[in-house]
Amino acid sequence: MSDTALRFLADESCDFGVVQALRAEGYDVIALTEITSRTTDSEVIAQAYSEKRILLTEDKDFGQLVFASQADSAGVILIRYPGNARKSLQEAIIKLIRQQGSDIQSAFVVMQPGQVRVRRNK
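All of the points below concern the structure found in this document. (Residues numbered from 1 in each chain as written. Predicted model: local features only at pLDDT ≥ 70, side-chain atom pairs only at ≥ 80, totals over all residues. Heavy atoms only, no water.)

### Remarks on the packing of aromatic side chains
Then step 1. Scanning all chains against the criterion turns up one aromatic pair.
Then step 2. Measuring from centroid to centroid gives 5.6 Å for Phe8 and Tyr27, while their planes differ by 80°, and the two rings are edge-to-face. Taken together, the residues span a long stretch of sequence, with Phe8 in strand E1 (residues 7–10) and Tyr27 in the loop between helix H1 (16–24) and strand E2 (28–31) at a distance of 19 residues. Residue Phe8 shares its accessibility class with Tyr27, and that shared class is buried.
Then step 3. Seen from the ring of Tyr49, Lys52 lies directly overhead, with NZ or CZ sitting 6.0 Å from the centre. (Phe/Tyr/Trp six-rings, centres within 6.5 Å; stacked < 30°, edge-to-face > 60°. Helix = DSSP H or I, 4+ residues; strand = E, 2+ residues; numbered from the N terminus. Buried < 20%, exposed > 50% of the residue type's maximum accessible area, 1.4 Å probe, protein only. Lys NZ or Arg CZ within 6 Å of the ring centre and 35° of its normal.)

### Some words on the pairing of strand E4 (residues 76–79)
Then step 1. On E4, burial covers both faces: Val76 and Leu78 on one face and Ile77 and Ile79 on the other are all buried.
Then step 2. Inspection of the sheet shows strand E3 (residues 54–57) paired to E4 by three bridges, in the parallel sense. Within E4, the position partnered with Leu55 by the bridge is Val76.
Then step 3. In this sheet, strand E5 (residues 107–112) lies alongside E4 in parallel orientation, the contact comprising four bridges. When the bridges of E5 are listed, Leu78 appears paired with Val110. (Pairing = 2+ DSSP bridges.)

### Observations concerning the nonpolar core
Then step 1. Formed by 27 residues in total, the largest nonpolar core has its most connected members in Phe8, Leu22, Leu56, Ile77 and Ile93.
Then step 2. Among the secondary structure elements, those contributing two or more residues to this core are E1, H1, E2, E3, E4, helix H5 (89–100) and E5.
Then step 3. The leading source of residues in this core is H5, at six residues. (Core = buried A, V, L, I, M, F, W, Y, C linked by side-chain atoms within 4.5 Å.)

### Quick look at helix H3 (residues 41–50)
Then step 1. Within the span of H3, buried status applies to Val44, Ile45 and Ala48. With its buried residues spanning 90° around the axis, H3 presents them on a single face.
Then step 2. Downstream of H3 by a residue or two, Lys52 has a phi angle that is positive, lying close to 55°. (Arc of directions from axis to C-beta.)

### Things to note about the sheet that holds E4
Then step 1. Across the sheet, which stays open at both edges, the six strands sit in the order E2-E1-E3-E4-E5-E6 with mixed pairing between neighbours. Two strands bound the open sheet, and with one partner strand each, they are E2 and strand E6 (115–120). Across this sheet, the average inter-strand angle for adjacent strands is 20°, counted without regard to direction. (Axes fitted to C-alpha atoms, helices over the stretch in contact; angles between N-to-C directions.)

Printed below as a string of structure tokens:
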């Protein structure tokens, strides 16, 4: 069952196809590429947290920011899909959100082809 109450913030590194796929499913997704040109990782995670949005990113630096710096987070989905697996990415993210729903809020999720790891923050 889809939880369209979940909201997302896609940073500049996130594949725009993911944004389009989530929007097509009825999710509220803000893509930073549509509203700003340069933001720091700290600003991005702060914006996502203040707006209660799960961050969609392909930038590994957010792992450091969330865990080592213990930045507050509404949740992060780190996408690790190599070029040869990109065609399955949109379907995989929709499947993840349908299966995990609100369980991904406040979690750090790493998505790789055929594998999803969910780690709870704090």
